[in-house]
Amino acid sequence: MDLFEYAKQKTLEKESPLASRLRPTSLEEVVGQEHIIGKDKLLYRAIRADKLSSVIFYGPPGTGKTTLAKVIANTTSAGFTQINATAAGKKDMEQVVKQAQQDLGAYSRKTILFIDEIHRFNKGQQDYLLPFVEDGTVILIGATTENPYFEVNGALLSRSIIFELKALDKGAIRTLLMRAVSDREKGMGGHDAVLEDDAADFLADMAGGDARAALNAIELGILTTQRSADGKIHIDLETASQCIQKRVIRYDKGGDNHYDIISAFIKSMRGSDPDAAVYYLAKMLYAGEDVRFIARRIMICASEDVGNADPMALTVAVSAAQAVERIGMPESQIILSQAASYIACAPKSNAAVNAISLAMESVRTVRTTVPAHLQDSHYRGAKRLGRGIDYKYAHDYPHHYVDQQYLPDEIRDARFYEPGDLGYERQIKAHLKAIKE
C-alpha cells in the first residue's frame, strides 16, 4: 500500500457512516446473534480456534453478516479478501484464486474469500468457485439477504454451513445506540450528545431489527441538532421521530420474506381471521407491494377456500381487482381491506378444489369416451352415426331435471364434487338431493 492509498483509507475510515465505523473488530464487541455466536456455539468456537470452514451468512439487512466477516478477518491467520457480487465478475474471482494458490503453495497460508451479496452471482459465476472451495484453495464466506436455498447453487450449499442471522431485538439495538453515542474513538462520543431514554426506546423499536437503520438515524440526529444551553446535543423523542419517520420493516418483493407474508395473509383469510388478514394486508401495502398482486391472491382465495359456500366471495374479489386497477393508491387499500375481510368472514369450502383435483386425476389415468347420447347431433350425418340419439332435454321435465347418465361409461359412478354443509353449499346439497329423489 503506497502513501496515497494509506491516506485514502484513513480518510474513508474517518468519514465513513457511523454504522461502518462502529463495526466490531472482535467477537466480544458483537451485539446479538447469540444463537450462533454464543460462547458454546459452533461458529464462536470455529472463529476462536481459527478453524473456519466455508459458511454462508443469511439474514435481513443490518443484522451483522458483514460484521461477522470483518471479525473473522481480524482474528484469522489466513489471508482475507472481500468482493461484492454486485460489482465483481469472474475475472475478479480468477485473480483471487490465483493469489490464493500462490499463498497456499509458497507460505502454506489459506485464503478466506468473503463474497457480499453472493446471491447476485449467476449460476456460472457460482459454479466457477466450486472446485476451489472443494479442494480448500479458498474458504468461502457468503453473505446474502435472500434465502440461500433459493438463490445459491446446491453444490455450493452442500460444501458450506448455513448460519441464519435474526433481526436484532430492541435490547440489542438500544445497546448499539448507547455505544454509538458514547464511543469517542469510533462513534459520536466527541459530539457530547445525550440520547434520552424514550428516544432510544423509540429508535430501537422503529428500526425493526435493522442496526444500520438505527445508527443512521442517531448519526443524522446528532449531526443536525443544535446544542442546548448546557452545551450538549439532546436527542429527545421529537428529534428521534424526525430522524426515522417510517418504521423499518423486513419486506423484499423478490425474497422469501415476501412469500412468508403473502402466505400468512392467505392462511389468515382461509382461517377466518379478518384481523390477521387485514394486518398482513397492511404490512404489504406499507412496504409498497403491487396492489394487483394482492388482488390476484384474494381472487384465488375466494375460489379456493370459499367456493360455493358463498358464491358472492369471488364476485367481491373480482370487483375489488377491477376497482384497484382503475383507482390506485391510497384509496385501493380500502377496497382490498373490504375484499380481504369479506373472504375471511365468509363460510369456507374447498369442495371445488377437491372436485377438479379428482377430475384431473381421473382424466390423467382413465381413457374415456363421451356417451353417444351426449355427443353433438347437429352436423350432417350425425344421426346416422348415432350421435345425440335418446338425449333427454332437462327443461322438458319437472324441476328441470331428469335422471340421465352424463359421465362416460368407464367412470359412470365417479363422484368429484361433494358440497359441504356450510353457507350456500348446504342449499346446493339439499337441492341436489331433492331433485334426485
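Everything in this summary refers to the structure shown in the same document. (Residues numbered from 1 in each chain as written. Predicted model: local features only at pLDDT ≥ 70, side-chain atom pairs only at ≥ 80, totals over all residues. Heavy atoms only, no water.)

### Things to note about helix α11 (residues 197-206)
Turning to α11, its buried residues are Ala199, Ala200, Leu203, Ala204 and Met206. Those residues of α11 that are buried are in contact with α10 (170-182), β6 (193-195), α12 (211-224), β7 (233-235) and α13 (237-243). Two residues or fewer after α11 comes Gly208, characterised by a positive phi angle close to 60 degrees. (Buried < 20%, exposed > 50% of the residue type's maximum accessible area, 1.4 Å probe, protein only. Helix = DSSP H or I, 4+ residues; strand = E, 2+ residues; numbered from the N terminus. Contact = heavy atoms within 4.5 Å.)

### Here we look at the pattern of salt bridges
Tallied over the full model, the rule gives 16 salt bridges. A salt bridge links Lys186 to Glu29; the nearest nitrogen and oxygen atoms lie 3.6 Å apart. Placement of the pair is Lys186 in the loop between α10 and β6 and Glu29 in the loop between α2 (18-21) and α3 (34-37), with a sequence separation of 157 residues. The class for Lys186 is partly exposed, based on a relative accessible area of 21%. Residue class for Glu29 comes out partly exposed when judged on its relative accessible area of 27%. (Salt bridge = Lys/Arg side-chain N within 4 Å of Asp/Glu carboxyl O.)

### A look at the sheet that holds strand β5 (residues 161-164)
Taken together, the 5 strands give an open sheet; going across it, the order is β2-β3-β4-β1-β5, and neighbouring strands pair in parallel fashion. Pairing within the sheet leaves two strands with one partner each, and these edge strands are β2 (79-84) and β5. Each strand axis lies, on average, 15 degrees off the axis of its neighbour in the sheet, ignoring direction. When strand β3 (residues 111-116) meets strand β4 (residues 138-144), the two strands line up parallel, connected through 6 bridges. What sits directly across from Thr111, in β4, is Val138. (Pairing = 2+ DSSP bridges. Axes fitted to C-alpha atoms, helices over the stretch in contact; angles between N-to-C directions.)

### Notes on the environment of Val30
With respect to the helices and strands, the residue Val30 is situated in the loop between α2 and α3. A C-alpha to C-alpha distance of 25 Å links Val30 and Lys110, two positions 80 residues apart in sequence. With residues up to four places along the chain from it excluded, the contact list for Val30 reads Pro24, Ile37 and Val71.

### Digging into the packing of helix α17 (residues 312-327) against helix α18 (residues 332-345)
Closest axis-to-axis distance for the α17/α18 pair is 9 Å, and the angle between their directions is 170 degrees. Relative to α18, the element α17 lies roughly antiparallel. Across the interface between the two elements, Met312, Ala313, Val316, Ala320, Ala323, Val324 and Ile327 from α17 touch Ser332, Ile335, Leu336, Ala339, Tyr342 and Ile343 from α18. Split by residue class, the contact of α17 with α18 holds 12 nonpolar, 1 polar and no charged. (Parallel < 35°, antiparallel > 145°, perpendicular 65-115°, else oblique. Nonpolar A, V, L, I, M, F, W, Y, C, P; charged D, E, K, R; others polar.)

### Details of the pairing of strand β1 (residues 55-58)
Residues Val55 and Phe57 point to one face of β1 and Ile56 and Tyr58 to the other, with burial holding for every one of them. Here 4 bridges tie β1 to β4, and the two strands are oriented parallel to one another. Note on β4: the bridge partner recorded for Val55 is Ile141. Relative to β5, β1 runs parallel, the two sharing 4 bridges. The residue bridging Ile56 from the neighbouring strand is Ile162, located in β5.

### Describing the layout of surface pockets
In this approach the atoms are scanned with a rolling probe the size of a water molecule, which exposes any empty space left behind. Roughly 1200 Å³ of internal volume is contained in the largest pocket. Contributions of two or more residues to the lining of the largest pocket are made by α1 (3-15), α2, α5 (65-75), β2, β4 and α12. When residues of the lining of the largest pocket are assigned to their parent elements, the largest contribution, 7 residues, is made by α5. For the lining of the largest pocket, the per-class residue count stands at 16 nonpolar, 16 polar and 11 charged. Roughly 700 Å³ of internal volume is contained in the second largest pocket. In terms of lining residues, the second largest pocket is bounded by 20 residues, among which Tyr401, Leu407, Ala414, Arg415 and Lys436 are the most central. (1 Å grid on protein atoms, 1.4 Å probe; cavity = no way out; pocket = protein on both sides within 12 Å on 5 of 7 lines; lining within 4 Å. Points joined across faces, edges and corners; volume = space filled by probe spheres on them.)

### As for a nonpolar patch on the surface
Judged by side-chain polarity, Tyr391, Tyr393 and Tyr406 come together as a nonpolar surface patch covering roughly 340 Å² of accessible area. Structurally, the position occupied by Tyr406 is in the loop between α19 (351-365) and α20 (424-436). (Patch = residues over 30% accessible without salt bridge, like charges linked within 9 Å, V, L, I, M, F, W, Y side chains within 5 Å. Areas by Shrake-Rupley, 256 points an atom, 1.4 Å probe, with all protein chains shown as cover.)

### Things to note about the pairing of β3
For β3, the buried fraction is high: 6 of the 6 residues fall into the buried class. Alternating residues of β3 divide into Thr111, Leu113 and Ile115 and Ile112, Phe114 and Asp116, and every residue in both groups is buried. Sheet topology places β2 next to β3; 6 bridges connect them, and they run parallel. By the bridge assignment for β3, Thr81 is matched with Leu113. The parallel pair β3 and β4 is bridged by helix α7 (residues 123-134), and the resulting crossover is right-handed. (Right-handed = clockwise from strand over helix to strand, strands pointing away.)

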